[in-house]
Amino acid sequence: QVRLVESGGGLVQTGGSLRLSCAASGRTVSMLSMGWFRQPPGKPRQFVAAISTSGARTEDSVKGRFTISRENAKNTVYLQMNSLKPEDTAVYYCAARESRVVMTAASAYDSWGQGTQVTVSS
């Protein structure tokens, strides 16, 4: 089992930026498929971005604004979020599974972090 700890959330104004971090322990991130999901208030969990050794994918509504990356030396995956909008407000979760495949379905992951709140004010 992989332990995941997210950080970097907070309150930001429209147009601002945040960088979320997901620190993994128990497995090296280079062997994991890792994803970022978000859950806006009253809505189901949504795919945001994912990365594995085979590549990366980003959900269309955040493409060009959000970037997922991985730093193997720190065993950490990042989500750089630029040009933030009020509709990006959500709890953001990091997820992982030992796989080489980029996975966009929440049900595909077997390890989750506790989540970090991102609030974008208008």
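What counts, and at which threshold
- Residues numbered from 1 in each chain as written.
- Predicted model: local features only at pLDDT ≥ 70, side-chain atom pairs only at ≥ 80, totals over all residues.
- Heavy atoms only, no water.
- Helix = DSSP H or I, 4+ residues; strand = E, 2+ residues; numbered from the N terminus.
- Contact = heavy atoms within 4.5 Å.
- Pairing = 2+ DSSP bridges.
- Buried < 20%, exposed > 50% of the residue type's maximum accessible area, 1.4 Å probe, protein only.

Student: What is the right way to look at the environment of arginine 45 in this model?
Tutor: Here arginine 45 lies in the loop between β4 (32-39) and β5 (46-52). Separated by 49 residues in the primary sequence, arginine 45 and cysteine 94 place their C-alpha atoms 12 Å from one another. Each residue touching arginine 45, except ones within four places of it in the same chain, is listed here: Phe37, Arg38, Gln39, Tyr93 and Trp112.

Student: In this structure, what is going on with the pairing of strand β3 (residues 18-25)? I would like to understand it.
Tutor: Two faces make up the sheet, and in a regular strand the side chains alternate between them. The pairing of strand β1 (residues 3-7) with β3 spans 5 bridges and is antiparallel. From the neighbouring strand, valine 5 faces β3, where its bridge partner is alanine 23.

Student: Whenever I open this one, unusual backbone geometry confuses me. Can you help?
Tutor: Glycine aside, residues mostly have negative phi angles, and peptide bonds mostly take the trans form. With a phi angle near 50°, asparagine 75 is a residue other than glycine that sits in the positive phi range. Its place among the elements puts asparagine 75 in the loop between β7 (66-71) and β8 (76-81). Asparagine 75 sits in the buried class, given a relative accessible area of 15%. Positive phi, normally seen in glycine, also occurs at serine 83, with a value near 50°. Counting through the fold element by element, serine 83 comes out in the loop between β8 and β9 (90-98). When its relative accessible area of 40% is taken as the criterion, serine 83 is described as partly exposed.

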